[in-house]
Amino acid sequence: MNVPLKWLNRFGLLLALLAIYLLFIFIAPSSFSTMRNLETIARQTVIVGIAAIGMTFVIISGGIDLSVGSIVAFSSVFVAYFLSKTHFSPLPSAVCAVAVGSAIGLISGFLITRLKVVPFIVTLGMMLLCRGAAKGIAGEQKINAPYTWLNEVLASLPPERSWMILSPGVWIFIFLTLIFAFILRYTVFGRATVAIGSNEQTARLCGIAVERTKVIIYTLSALFASIAGVMQFSRLTVGDPTVAVGLELDVIAAVVIGGASLSGGQGTIFGSLIGALIMTIIRSGCTQMGLENWIQEIVTGAIIITAVALDRLRHRKS
Amino acid sequence: MADNEIKTPPALRMNNITKAFGPTVALNDVSLKVKPAEVHALVGENGAGKSTLMKILSSVLTPDTGSMELFGNPYSPKNPIAARNLGIAMIYQELSLAPDLTVEENLTLGIEPNFTGILKTKKIRQLALEALKVFNHPEIQPQLKVSKLSVAACQLVEIARALVAGCKILVLDEPTSSLAAGDVEKLFDLIKKLKNQGIAVIYISHFLEEVRKIADTVTVLRDGQIAASNLPGVTSEDKIINYMVGRKIEQLYPRSNRNKGKLVLEIENFSGTKKPIAASLKLHSGQVLGIAGLVGAGRSELLRCIFGLEKIRKGKIKIGLYLGPASPLRRWYQGAGLLSENRKEEGLALSMTIAENVTMSKLRSFGRFGLVWPSRQNQNTGRWIDKLAIKCASPLQRVDELSGGNQQKVAFARLLEHNVDILLLDEPTRGIDVAAKVAIYKIIDELACDKNSHKAILVVSSYLPELMGICDDVSVMCKGRLGQTHNINEINEHNLMQEAIGTA
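In every chain, residue numbers begin from 1 and rise along the written sequence. Think of it this way: whatever chain is written first is A, whatever ligand is written first is 1, and the rest follow in order. At least 70 in pLDDT is required for a residue's local features to be given in this predicted model, at least 80 for side-chain atom pairs to be given and counted, and no such filter applies to totals for whole chains, interfaces and linings, which use all residues. Processing note: side-chain calculations cover all non-hydrogen atoms of the structure and skip hydrogens and water entirely.

Draft legend 1. Region of the structure containing the overall build of chain A. Think of it this way: any DSSP run of H or I at least four residues long counts as a helix, any run of E at least two long counts as a strand, and we number them from the N terminus. Secondary structure summary: chain A contains 12 helices and two strands in total. When the helices and strands of chain A are listed from N to C terminus, the series reads α-α-α-α-α-β-α-α-α-α-β-α-α-α. Using C-alpha atoms as the atom set, the radius of gyration is obtained and then compared with a globule rule of 2.2 Å times the number of residues to the power 0.38. What you see for chain A is a C-alpha radius of gyration of 20 Å, in line with the 20 Å of a compact globule of 318 residues. Seen along its three principal axes, the alpha-carbon backbone of chain A occupies a region of about 60 × 55 × 35 Å.

Next comes the structure, spelled out in structure tokens:
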């Protein structure tokens, strides 16, 4: 393979991201190109982006997790519940909500590995189950919570804290991305995830604990969805059980645009990050151009198909 | 089909067929003539080229050179469907019926009588009843779901399907391997009936006593060439076996000084879910023990049970100092490693790199606290790439970009990298070229040699000369049962083949 092609292979996705951004700078109003808008895009990427970290592991292992959107709502309801009903302080509320949400993934993992039901079905069931549970706990309405610092995690920075450059939620996102990109690449767990997705039989032959790894993967996915739920709560300032319907599809789209294969064995955390950014930029650009929602949806759909088709073409060539 | 001309053209003539896959010549100048209303047996060892020849007949593969004629007319179908339409029907070992459809739906699958897409159900029922009438099996009802039928009945349905499609040449590939004795008799009756209808039957089998019973003519293939053609069906089994194995052992098999050391693997009365049945064997360090037998005899299952990939029903197993069954993870830890016969589906993760594949069984040793440093993986892998002469760009190349022989070396390198004491090798040279085979024989010899590593090696192979060449001792497995261990100097290929076929 010649050098430019290799280079394109590695950085093609980043170039696509830049190209889309530059395109909107030209066609969208001047407000799009401001630094302030970049910061907004970063904040808007956080929820999908954090959930996409967990989903990347799931998809690389050859599975799928449809329960992500429901877990986001579930955990956001729990944060509000702990804050308002049990009067926990903010940090314990968030931690407890994340713990409860992660437990859902643990259960999914056990069902998938012990009962040998396919992930699609288990997580589809969990999607409905969690959504229902969230609505039940919230009594079919939004839970209002007292205003705390949790609500500032994803807000734009007030002038006196401009030294932080980005809001804390974005920093948390960046931090998690780096940590888990490292884990995927440089740990036994990460390598086992790729091996299972690439060929589960080979992984078993080589003595990899396939079942245990899968349980961890689904727990991790729910853990990230729950953190995304805390962010969701932070943005809304209420616990809303009807929020994030269909969010899992955005998350899956981000991971797939990022180069992961639904048949497993391929994908990177940074790819998924770029995928999530591409989706936000399109949405933000379209909104600022005053395009209606239906146009955004058509554009996003076209981008997903184009990205994956290009990826296929690239693989056929090499 | 009553043709009383003196010169009846043969039903099928294959002229000078040659087919190579890369450097491997699968068929070399093979000619075959099958008369109408003849049962023509095609025998040969695994890998002799029988299935390649049949794939060419059914147009799954195209020959490199050579031509074919069907009833005197040139025959060169473009694809398997064209071949089927010209009257060629293949019945494989693995049946290809749709289990959720009924018998009649299966019988007319793809050729459903219809009017502008709407099925003519009465016509279908009538066709099915007609086809089934020949079989004299009242239990096969047209409206029954195929998943409710026995294996034998499924096979009959498949043959009936060939008849409905108007087949003139019927190829049966190991039809009896999954049948009970009574069903075999019924199948033979059916074959005789088909023969009387003028259909030519090509019958592929390892079981020579069956061949003697049913075949009019026998052709023996060996190493992709015709060893003997048009023998009468009554030829003695001994003579056929001689044709099957009768080649000189070439000097491919290095053999250095070996000494049996301590006992490292012992199984006793060892049974899996179906196979093996009450197997016992002893393996010592510095010993290469071969397991011969036919495909389906249960040899792979034996290795997989030992390695913990399949459940053990009963029996004793001791590996080194460790007693009892264990998971693959524990087996690696105990110093045993398995080379899978199925390189693409199980042996290797094809979309991963050479380094990842070679080091997959010992990821934990490449860093502390669950970390894995790729540089160390690459460094270790680089050693094996040099030692085994794996042709590749770097340890980071994807395995699916390598040739079959190099892939097999990668799979082998995993055992070497793990430095296991007991190597369980399942068909270690399947589907690779001669150069790679020689390389693997050399490694096996070095591993067993007492001066070097003094490892214990258990190798399953369907290729007898290979076992004769590399092993110190050989056991034969037949229908799930493992025979006694023979010293290689006290046995010959002929006896082994007899034992494998079950006539010893």
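From this point on, the discussion continues.
Draft legend 2. Representation of the nonpolar core. Membership of the largest hydrophobic core comes to 90 residues, with the highest contact counts inside it found for B:Leu265, B:Leu281, B:Leu302, B:Ile306, B:Phe412 and B:Leu458. Sort the elements by how many residues they give to this core and helix H15 (residues 434-448) of chain B lands first, with seven residues. Built from parts of two domains, this core gets at least three residues from each of domain 1 (1-87 + 168-247) and domain 3 (268-501) of chain B. By the convention used here, residues are in contact when the closest approach between their heavy atoms is within 4.5 Å. In contact with B:Leu302, not counting residues within four places along its chain, are B:Ile267, B:Phe270, B:Pro276, B:Ala279, B:Leu281, B:Ile291, B:Met477 and B:Leu482. Counting residues in each nonpolar core, the second largest holds 82 residues, with A:Val48, A:Phe57, A:Val68 and A:Ile269 among its members. The criterion is simple. A nonpolar core is a set of buried Ala, Val, Leu, Ile, Met, Phe, Trp, Tyr and Cys residues joined through side-chain atoms within 4.5 Å. A 1.4 Å probe rolled over the protein chains alone gives each residue an accessible area, and that area as a share of the maximum for its type sets the label: buried under 20%, exposed over 50%, partly exposed in between. Domain start and end points were adopted from an automatic or database domain assignment.

Draft legend 3. Structural view of the interface of chain B and chain A. Taken together, the contacts link 29 residues of chain B with 22 residues of chain A. With both sides pooled, the region where chain B packs onto chain A buries about 2100 Å², and carbon together with sulfur makes up 61% of that total. Once two parts are put together, the accessible area they lose, assessed with a 1.4 Å probe and summed over both, is termed the buried area. A per-residue breakdown of the area chain B buries against chain A is headed by B:Glu346, B:Met352 and B:Met360, which together make up 21% of the total. We define a salt bridge as a contact between a side-chain nitrogen of Lys or Arg and a carboxyl oxygen of Asp or Glu at a distance within 4 Å. Linking chain B with chain A are one salt bridge. With a shortest N-O distance of 2.2 Å, A:Arg191 and B:Glu356 are connected by a salt bridge.

Draft legend 4. Main features of the sheet that holds strand E1 (residues 12-21) of chain B. Residue and element names in this part refer to chain B. One open sheet holds the four strands; their spatial order is E2-E1-E4-E5, and the pairing between them is antiparallel. The open sheet is flanked by strand E2 (24-34) and strand E5 (73-74), the only strands paired with a single partner. In this sheet, E5 lies alongside strand E4 (residues 65-70) in antiparallel orientation, the contact comprising two bridges. Within E5, the position partnered with Glu69 by the bridge is Pro74. A fitted line through C-alpha atoms serves as each axis, taken over the contacting stretch for helices, and the angle formed by two N-to-C directions is quoted from 0 to 180°. Contacts from helix H1 (residues 50-57) reach E1, E2 and E4 within the one sheet, and its direction differs from that of E1 by about 115°. Should DSSP find at least two bridges between two strands, the strands are regarded as paired.

Draft legend 5. Layout of unusual backbone geometry. Residue and element names in this part refer to chain B. Cis geometry marks the peptide bond from Lys275 to Pro276, where omega comes out at -5°. Its place among the elements puts Pro276 in the loop between strand E13 (263-272) and strand E14 (279-284). Although it is not a glycine, Glu427 sits at a positive phi angle of roughly 45°. Relative to the assigned elements, Glu427 resides in the loop between strand E19 (422-426) and H15. For Glu427, a relative accessible area of 7% translates into the label buried.

Draft legend 6. A look at the packing of helix H8 (residues 237-245) of chain B against helix H17 (residues 493-501) of chain B. Residue and element names in this part refer to chain B. Following both chains from N to C, one finds H8 and H17 inclined at 115°, their axes separated by 10 Å at the closest point. Relative to H17, the crossing made by H8 is right-handed. Contact residues: H8 offers Asp238, Ile241, Asn242, Met244 and Val245, while H17 offers Glu493, His494, Met497, Gln498 and Ile501. Three residue categories are used. Nonpolar comprises Ala, Val, Leu, Ile, Met, Phe, Trp, Tyr, Cys and Pro, charged comprises Asp, Glu, Lys and Arg, and polar comprises the others, including Gly. For the contact of H8 with H17, the per-class residue count stands at five nonpolar, three polar and two charged. Put simply, a crossing is left-handed when the front helix is turned counterclockwise from the back one by less than a right angle, and right-handed when it is turned clockwise.

Draft legend 7. Geometry of the pattern of salt bridges. Throughout the structure, instances matching the rule amount to 27 salt bridges over all chains. Of the charged contacts in the structure, one is a salt bridge between A:Lys116 and A:Glu211, with a shortest N-O distance of 3.9 Å. You can see A:Lys116 sitting in the loop between helix H4 (90-114) and helix H5 (119-137) and its partner A:Glu211 sitting in helix H9 (residues 210-236), a full 95 residues away along the chain. Judged by relative accessible area, which is 27%, A:Glu211 ranks as partly exposed. Residue B:Glu266 pairs with B:Lys282 through a salt bridge whose shortest N-O separation is 3.9 Å. Taken together, the positions of B:Glu266 in strand E13 and B:Lys282 in strand E14 put the pair 16 residues apart, joining distant regions of the chain. Connected via shared salt-bridge partners are A:Lys116, A:Glu200, A:Arg204, A:Glu211 and A:Lys214.

Draft legend 8. Focus on the packing of aromatic side chains. Residues and elements named next belong to chain A. Note on aromatic pairs: the rings of Phe, Tyr and Trp (six-membered ring only in Trp) are paired at centre separations within 6.5 Å, and the planes decide the class, stacked below 30 degrees, edge-to-face beyond 60, tilted for the rest. What the rule picks out here adds up to 16 aromatic pairs over all chains. Centroid distance Phe180 to Phe224: 4.8 Å. Interplanar angle 85°. Geometry classified as edge-to-face. Of the two residues, Phe180 sits in helix H6 (residues 168-186) while Phe224 sits in helix H9, which places them 44 residues apart along the sequence. A relative accessible area of 0% places Phe224 in the buried class.

Draft legend 9. Inspection of the environment of A:Ile274 at higher detail. Residues and elements named next belong to chain A. Looking at the secondary structure, you find Ile274 in helix H11 (residues 269-288). Overall, the relative accessible area of 11% leaves Ile274 in the buried class. Put simply, Ile274 and Thr45 are 229 residues apart on the chain and 9.8 Å apart in space, counted from C-alpha to C-alpha. In this structure, Ile274 is in contact with Leu13, Leu14 and Leu17, ignoring residues within four places of it in sequence.

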